[in-house]
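# Breakdown of the fold
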Amino acid sequence: MPADLLSHEPATGTLLWQGQAGDVDAEVDRARRAWPKWAAQPIAYRIETLRRFVNVVRRHEDALADLIARETGKPMWDARNEVAAVIGKVDVSVAAYSERTGQRRLEANLGARQSVRHKPHGVMAVFGPYNFPAHLPNGHIIPALLAGNAVVFKPSEKTPAVGEMLVGLYHEAGVPTDAVRVLQGGPDSGKALALHPAVNGILFTGSAQTGIAINRQFAGQPAKILALEMGGNNPIVVWDTPELHAAATIVVQSAFMTSGQRCTAASRLIVRDSMADKLIPEVKKLADRLIVDHPHADPAPYMGPVIDNQTADGLTESFLYLMSNGGKPIKHMVRPHKGLPFLSPAIIDVTGMKERPDVELFGPLLQVIRVSDFDAAIEEANNTRYGLSASLIGGSPEQYNQFWSNVRAGLVNWNRPTTGAASNAPFGGTGISGNHRPSAYYAADYCAYPVVSAEIENPRAAIGIGLKDIDVSAMGD
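What counts as what
Residues numbered from 1 in each chain as written. Predicted model: local features only at pLDDT ≥ 70, side-chain atom pairs only at ≥ 80, totals over all residues. Heavy atoms only, no water. Pairing = 2+ DSSP bridges. Helix = DSSP H or I, 4+ residues; strand = E, 2+ residues; numbered from the N terminus. Axes fitted to C-alpha atoms, helices over the stretch in contact; angles between N-to-C directions. Contact = heavy atoms within 4.5 Å. Buried < 20%, exposed > 50% of the residue type's maximum accessible area, 1.4 Å probe, protein only. Right-handed = clockwise from strand over helix to strand, strands pointing away. Parallel < 35°, antiparallel > 145°, perpendicular 65-115°, else oblique. Left-handed = near helix turned anticlockwise from the far one by under 90°. Nonpolar A, V, L, I, M, F, W, Y, C, P; charged D, E, K, R; others polar. Salt bridge = Lys/Arg side-chain N within 4 Å of Asp/Glu carboxyl O.

## Topic: the sheet that holds strand S8 (residues 201-205)
Spatially, five strands are ordered S7-S6-S5-S8-S9 in an open sheet, and the strand pairing comes out parallel. Edge positions in the open sheet fall to strand S7 (180-182) and strand S9 (225-229), since each of these has one partner strand only. Ignoring which end each strand starts from, the neighbouring axes of this sheet average 15° apart. Helix H5 (residues 135-147) rests against strand S5 (123-127), strand S6 (150-154), S7 and S8 of the sheet, and its axis sits at about 165° to S6.

Here it is in structure tokens:
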């Protein structure tokens, strides 16, 4: 019987993994049965288990990085950074659990104790994306397990091999086999998992289209927790700065790292028109120097391919659409290897377009927009339904304060790339970039719910008002 799922290396086209779609009911049932025992374990036990996971990942660090690079196409240095983020997530999550969902004692009347503690939700469905197939799902799974939830993890159908290895590492560390399950499959499997009545929460990272569809499905089910991270159409604004090379470097890092396949990647360069003719050639000159090659190439590439040919075709068509509707190419998008999804970084001036599509172009495609004043730059930055990340390069402290106050985004940076996000801070956006449940350090918030308890060892109670007087004569002798 032919395999349901196939995963090919983007850089070579070589078959990397094949397997069958999983049984949604069976995987959820196994997680449901395992959850009570895992939740009943002391927090110290769960912490110890997840710290063992760190050691297990370290033992397999090279193999995991190599698999990430092969299955996503990202350079080895980028894959190693992803593995480092997987390792660092446990300490960050332990600190976040203690700070945001730890136990608290409050004052209460009559000598009682008032306690605030947190309980896990139950079975959490985690949906992983292909661009960070280990780091991003791990960022949901570790906090969920730490809080006492069981997890059913559905990797992207484009990166099933990394998903399978990641779950194997949890099991090797001692997380019960049924407390974290991997569900392989395509969109139909994902939809069935999201709709499963025994799933208590959905932790999703992916496209806005899919995230919005999930949100609609559960509009009438407030009992299920939804945490949605849905990408962006992110602006990087460059204003008055004499540091042209540094500004150009930050723009290139923001737009083209991981082949532009980051939800925080800069899609729109908004620049003051009086300095555009100085900045844009610097950006192009640096983009021309970027090495685009397979993950293990020597010298090391800055960019690998995008995830597959369908994605590469879509980005090429998007570039042609922009060019056909008023965009002026600065650096053309080129397919250097026929039949493989390699793309050169592309830059196009869309200032003259009457209507610019407000879509997430998930790849190495940077649109340039020239503006005349700072208010117009902020207005243009906000000209999107998304609101994940935004950066200001240059400008005065007063302008940065104005930018920070008025730009709608969950991450607002100054003289730093749009892709700069710290693991010990919240990560999430506004608009259709998220549903106000940020991940990273704040993932603890959606992995457990608070329970308030008033407690005293012996019952003590009195009603001091509203009672009839006792009729003594009716009491007899």
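## Some thoughts on the pairing of strand S11 (residues 266-272)
Among the seven residues of S11, six are classified as buried, and the element is accordingly described as predominantly covered. Judged from the five bridges that link them, strand S10 (residues 234-238) and S11 form a sheet pairing that is parallel. Within S11, the position partnered with valine 238 by the bridge is valine 271. Taking the sense of rotation as the criterion, the β-α-β connection linking S10, helix H9 (residues 244-256) and S11 turns out right-handed.

## Some remarks on the packing of H9 against helix H10 (residues 273-289)
Remark: H9 packs on H10, axes separated minimally by 9 Å, with the N-to-C direction vectors making an angle of 55°. It follows that H9 is oblique to H10 by the angle criterion. The handedness of the crossing between H9 and H10 is right-handed. Along the contact surface, H9 presents Leu244, His245, Ala247, Ala248, Thr249, Val251, Val252 and Phe256, while H10 presents Met275, Lys278, Leu279, Glu282, Val283, Leu286 and Ala287. A breakdown of the residues in the contact of H9 with H10 according to their chemical character gives 11 nonpolar, two polar and two charged.

## Observations concerning the pattern of salt bridges
In this structure the tally under the stated criterion is 27 salt bridges. Measuring nitrogen to oxygen at the nearest pair gives 3.6 Å for the salt bridge that ties arginine 113 to glutamate 455. Here glutamate 455 lies in strand S19 (residues 448-455) and arginine 113 lies in strand S4 (residues 113-120), a separation of 342 residues in the sequence. The exposure class assigned to arginine 113 is partly exposed, which follows from its relative accessible area of 36%. Judged by relative accessible area, glutamate 455 falls into the buried class, the value being 17%.

## Overview of the packing of helix H2 (residues 43-59) against helix H6 (residues 160-173)
Put simply, H2 and H6 touch, their axes get as near as 8 Å, and they point 125° apart. Here H6 runs oblique to H2, going by the angle between their axes. Between H2 and H6 the crossing geometry is right-handed. The segment H2 lies against H6, with Thr49, Arg52, Phe53, Val56, Val57 and Arg59 engaging Leu166, Leu169, Tyr170, Glu172 and Ala173. Each residue belonging to the contact of H2 with H6 can be placed in one class, and the counts come to seven nonpolar, one polar and three charged.

Scope: geometric values only; no functional claims are made or implied.
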